[in-house]
Amino acid sequence: MTIRSLTLPPSDAEVDSWLAVLVAAAAADLPDLPPPARVETAGRLVVTPVRGRAVLLTADEGAGVAGLLLFSEEANRHTAFLDVLAVRPDARRRGVGTALWERVREELLADGRTSVATVADLGGPGQAFAESLGFENVLPMDWYVQDVPQPRAVEVPVTPGYTLLTWPGLTPDDRVQALAVAHQAMEDAPTGDMDQNIADWGTERVRAMQRLVLDRGGELTTVAAVTDAGEVAAYTVLVLPDPSGPRALQYDTAVLPGHRGHGLGRAVKQHMLREAAGRYPALRTIATTVADENTPMRTVNEALGYRRERGAAVFQCKI
């Protein structure tokens with residue numbers, strides 16, 4: 001079995017071959033979800049990651065693919081993230097996945113990495129394969145989904161002392177510093193036994209992460225609860241990897257410690273839901289992950305009508 005590295009950026013034909021693997025695997029493993037979109041797949045393969053160096057691997061005749069991110073930030077140079085390892089259903093149980101993993105492991109060792117993490121659905125082939133390689137569940141979580149209603153059906157709670165602002169795309173220059181400070185509030189989000197450290201947020205990192213979404217062909221919207229003094233007390237981010245697709249992802253939602261207990265998490269999410277419903281007519285659902293131990297956010301999501309879709313977890317392996 002031959003495993004080769006793609007020369008970056010990959011060609012259109014290589015992107016199409018990669019996408020075909022993802023679509024076939026998703027049809028077998030997650031048939032009720034929308035299939036992977038080409039715009040998102042091409043964006044992730046072609047556009048250079050912000051946080052590190054990508055290694056893209058493909059097996060003979062497009063039987064399987066693997067994507068590895070080697071973090072470049074100082075706090076995480078010891079670890080990496082396995083973004084994807086997928087095998088076409090008709091090529092499974094032939095050693096394709098194992099061959100891809102062995103090549104991934106070689107890359108990790110050659111770069112001096114001592115651990116690697118990935119995300120897999122619980123009860124599926126991804127979990128079974130990961131555990132067979134020595135991966136352990138270090139952060140249980142669930143996927144939650146919410147249907148997108150008509151805009152007029154969304155009521156946003158009143159938040160005395162705060163103004164709800166919306167920023168499509170890049171955050172304005174006069175707000176980006178306050179948003180960077182608010183991002184630091186995510187430091188107390190549950191991380192379980194993950195070996196990955198939370199890197200410091202600054203304006204450059206906020207800008208880089210936002211531009212990455214846009215450069216990959218997606219769209220993002222930020223909703224923030226702002227005080228009269230201009231402090232971002234809470235925020236949430238919605239990303240559409242494929243702007244014409246039916247499913248969006250709710251990224252970070254955070255409330256600064258000094259502003260908790262005022263319903264701001266619910267307010268920014270409700271405002272985001274109304275914005276999304278009015279802005280994207282093809283959008284049908286919004287999905288997000290919440291760690292099992294993050295009780296406050298699970299409570300907020302349930303109050304907003306999110307329902308559990310499936311279990312997942314961060315799995316980690318020492319190299």
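The preceding data block contains the structure.
Described in the following lines is the structure provided in the data block. (Residues numbered from 1 in each chain as written. Predicted model: local features only at pLDDT ≥ 70, side-chain atom pairs only at ≥ 80, totals over all residues. Heavy atoms only, no water.)

## Considerations on a negative patch on the surface
On the surface, Glu136, Asp193, Asp292 and Glu293 cluster together into a negatively charged patch. With respect to the secondary-structure elements, Glu293 resides in the loop between β11 (285–291) and α8 (295–303). (Patch = residues over 30% accessible without salt bridge, like charges linked within 9 Å, V, L, I, M, F, W, Y side chains within 5 Å. Areas by Shrake-Rupley, 256 points an atom, 1.4 Å probe, with all protein chains shown as cover. Salt bridge = Lys/Arg side-chain N within 4 Å of Asp/Glu carboxyl O. Lys, Arg positive; Asp, Glu negative; His and termini not counted. Charge placed at Lys NZ, Arg CZ, Asp CG, Glu CD. Helix = DSSP H or I, 4+ residues; strand = E, 2+ residues; numbered from the N terminus.)

## A closer look at the packing of aromatic side chains
Tallied over the entire structure, the rule returns one aromatic pair. Ring geometry for Trp101 and Phe135: centres 5.3 Å apart, planes at 65 degrees, overall edge-to-face. Taken as a pair, Trp101 in helix α3 (residues 96–110) and Phe135 in the loop between α4 (125–132) and β6 (136–147) lie far apart in primary sequence, 34 residues in all. A single burial state applies to Trp101 and to Phe135, both of which are buried. (Phe/Tyr/Trp six-rings, centres within 6.5 Å; stacked < 30°, edge-to-face > 60°. Buried < 20%, exposed > 50% of the residue type's maximum accessible area, 1.4 Å probe, protein only.)

## Focus: the packing of helix α1 (residues 12–29) against helix α2 (residues 38–46)
Across the interface, α1 lies against α2 with an axial gap of 10 Å and an inter-helix angle of 120 degrees. It follows from the interaxial angle that α1 and α2 lie oblique. Pair α1 / α2 crosses with right-handed handedness. From α1, Asp12, Val15, Asp16, Trp18, Leu19 and Leu22 reach across to α2, where they touch Arg38, Thr41, Ala42, Leu45 and Val46. Class assignment of the residues belonging to the contact of α1 with α2 gives a composition of seven nonpolar, one polar and three charged. (Axes fitted to C-alpha atoms, helices over the stretch in contact; angles between N-to-C directions. Parallel < 35°, antiparallel > 145°, perpendicular 65-115°, else oblique. Left-handed = near helix turned anticlockwise from the far one by under 90°. Contact = heavy atoms within 4.5 Å. Nonpolar A, V, L, I, M, F, W, Y, C, P; charged D, E, K, R; others polar.)

## Notes on α1
End to end, α1 covers 26 Å across 18 residues, agreeing with the expected 26 Å (1.5 Å per residue, within 8%). Among the residues of α1, Glu14, Val15, Trp18, Leu19, Val21, Leu22, Ala25 and Ala26 are the ones counted as buried. Take α1 and look down its axis: the buried residues cluster within an arc of 155 degrees, on one side only. In α1, the exposed positions that point more than 90 degrees away from the buried face belong to Asp12, Ala13 and Ala27. Close packing links the buried residues of α1 with β1 (3–5), α2, β2 (52–59), β3 (64–71) and β4 (80–87). (Expected span 1.5 Å × (residues − 1). Arc of directions from axis to C-beta.)

## Re the pairing of β6
With nine bridges joining them, β6 and strand β12 (residues 307–318) adopt antiparallel strand pairing. Counted as the bridge partner of Leu139 is Val314 from β12. Of the strand pairs in this sheet, β6 and β11 are connected by seven bridges, and their pairing is antiparallel. By the bridge assignment, Asp147 is partnered in β11 with Thr285. (Pairing = 2+ DSSP bridges.)

## Side note on the pairing of β12
Of the strand pairs in this sheet, strand β5 (residues 115–121) and β12 are connected by seven bridges, and their pairing is antiparallel. Across the sheet, Val119 pairs through a bridge with Val314, a residue of β12.

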